[in-house]
Amino acid sequence: MPKPVVLMTGAYPEWDMAPLESLYDLRKLWLADDRERFLAEAAPHVRAIATRGELGASADLIDQLPKLEIISCYGVGYDAIDIERAKARGVRVTNTPEVLTEDVADFAFALVLAHLRKIVAGDAHVRSGGWRRLGALPLGRSLRGKTVGILGFGRIGRAIARRFLGFDVTLAYSDVAPAPGVEHDYYPDAVSLAGASDILVASVAGGEATRGLVNAAVFEALGPSGLFVNVARGTVVDEPALIAALQSKTIAGAALDVFLNEPNIDPRLLGFDNVLLQPHQSSGTVETRKAMGQLVRDNLEAHFAGRPLLTPVI
Ligand code: 8YV
């Protein structure tokens, strides 16, 4: 039996490659010199795509692959996969929920503390000799006593909320409906949540439904001492409005792990010393990335063995 042909849209960690190579005939799109030619040659044979959250699979790509059966996504967010087109073609889609929740939540929490307490700036200040030459940094801000608003109260949003318990903050959240049994204050939309919050953390799923959800009105409501944190997707923010809000000091700062056009982010974001920038790494631990890779493989294996998928999206 020939191995099923799997198109990989981007690199996975090396520990995933050997197990994938042993079961599949991998076609590594990111290594192709001529992407069009490479795809044209592979297209008639491809039965699966192994992709990553931010790379997804476009309608165009899906349409080029007549034998495509399944798209297995390394990431919980599948907003870059054209789900409608996959559905129309009868192509299954899987993602990697649960296994990354706690690490993403840790990272969101770390971003809040790092920003408020200037931990990254402090490190740079010591290394550059600024401490010796200029003395202390300007003071940070306490977390204690603040209201933390969580925009998107799914698995990751709830895990972020749990991180803040014990830090003497008030928790608030917004989602399409109040979560049964949750005592934190519920707000029906992003603007009212921002109005009640000192720190607004976006943990909402990406995609068309949330595109530009965090807009100028949200920054206005968050206000001049407000901190905006994003571990969701660049698309959930109106980025020009964020940049304008930072320029006009409508908000106090931002801590961002995700952007539009990653990794070619808007260079204006590099110019703010009140913005903490991270290279989309909230799920980036060895433990979590190994579990994500395993789940991608388990879904592919289940599919080719005719067993139920472990974490199907469709
Ligand atoms: C990953 C992510 O960074 O899970 C997601 O949706 O964006 C991240 O965990 C990404 O998919 C890895 O390439």
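These notes cover the structure that comes with them. (Residues numbered from 1 in each chain as written. Predicted model: local features only at pLDDT ≥ 70, side-chain atom pairs only at ≥ 80, totals over all residues. Heavy atoms only, no water.)

**Digging into the environment of Leu-269**
- Structurally, Leu-269 can be placed in the loop between β11 (253–256) and β12 (275–277).
- With relative accessibility at 0%, the residue Leu-269 sits in the buried group.
- Taking the C-alpha atoms as reference, Leu-269 lies 9.9 Å from Phe-259; in sequence the two are ten residues apart.
- Not counting residues up to four positions away in its chain, the partners in contact with Leu-269 are Glu-239, Leu-242, Ile-243, Leu-246, Leu-256, Phe-259, Val-275 and Leu-277. (Helix = DSSP H or I, 4+ residues; strand = E, 2+ residues; numbered from the N terminus. Buried < 20%, exposed > 50% of the residue type's maximum accessible area, 1.4 Å probe, protein only. Contact = heavy atoms within 4.5 Å.)

**A word on the pairing of strand β1 (residues 5–8)**
- Side-chain alternation along β1 places Val-5 and Leu-7 on one buried face and Val-6 and Met-8 on a second face that is also buried.
- When β1 meets strand β2 (residues 25–28), the two strands line up parallel, connected through four bridges. Its bridge partner lying in β2, Leu-7 is registered against Arg-27.
- Between the parallel elements β1 and β2, the chain passes through helix α1 (residues 14–23) in a crossover that is right-handed. (Pairing = 2+ DSSP bridges. Right-handed = clockwise from strand over helix to strand, strands pointing away.)

**Things to note about the sheet that holds strand β6 (residues 147–151)**
- Strands sit in the order β8-β7-β6-β9-β10-β11-β12 across an open sheet of seven strands; the sheet is parallel. Bordering the open sheet on either side are β8 (185–187) and β12, each of which pairs with just one other strand. Adjacent strand axes in the sheet meet at a mean angle of 20 degrees, parallel and antiparallel pairs treated alike.
- Where strand β9 (residues 199–202) meets strand β10 (residues 227–230), four bridges bridge the pair, whose relative direction is parallel. Its bridge partner lying in β10, Leu-200 is registered against Phe-228.
- Strands β10, β11 and β12 of the sheet are contacted by helix α11 (residues 239–247), whose axis makes an angle of about 140 degrees with β11. (Axes fitted to C-alpha atoms, helices over the stretch in contact; angles between N-to-C directions.)

**Quick look at the site of the ligand**
- Within the structure, the ligand sits among 13 residues, and Val-76, Gly-77, Arg-233, His-280 and Ser-283 are positioned closest to it.
- In this structure, Arg-52 approaches the ligand through a side-chain N or O atom, which is 3.2 Å from an oxygen atom.
- Here an oxygen atom of the ligand and a side-chain polar atom of Arg-289 are 3.2 Å apart.
- Relative to its unbound accessible surface of 330 Å², the ligand loses 93% to contact with the protein.
- Counted by class, the shell around the ligand contains four nonpolar, five polar and four charged residues. (Near = heavy atom within 4 Å. Polar contact = N/O pair within 3.5 Å; in protein donor to acceptor, adjacent residues only side chain to side chain. Areas by Shrake-Rupley, 256 points an atom, 1.4 Å probe, with all protein chains shown as cover. Nonpolar A, V, L, I, M, F, W, Y, C, P; charged D, E, K, R; others polar.)

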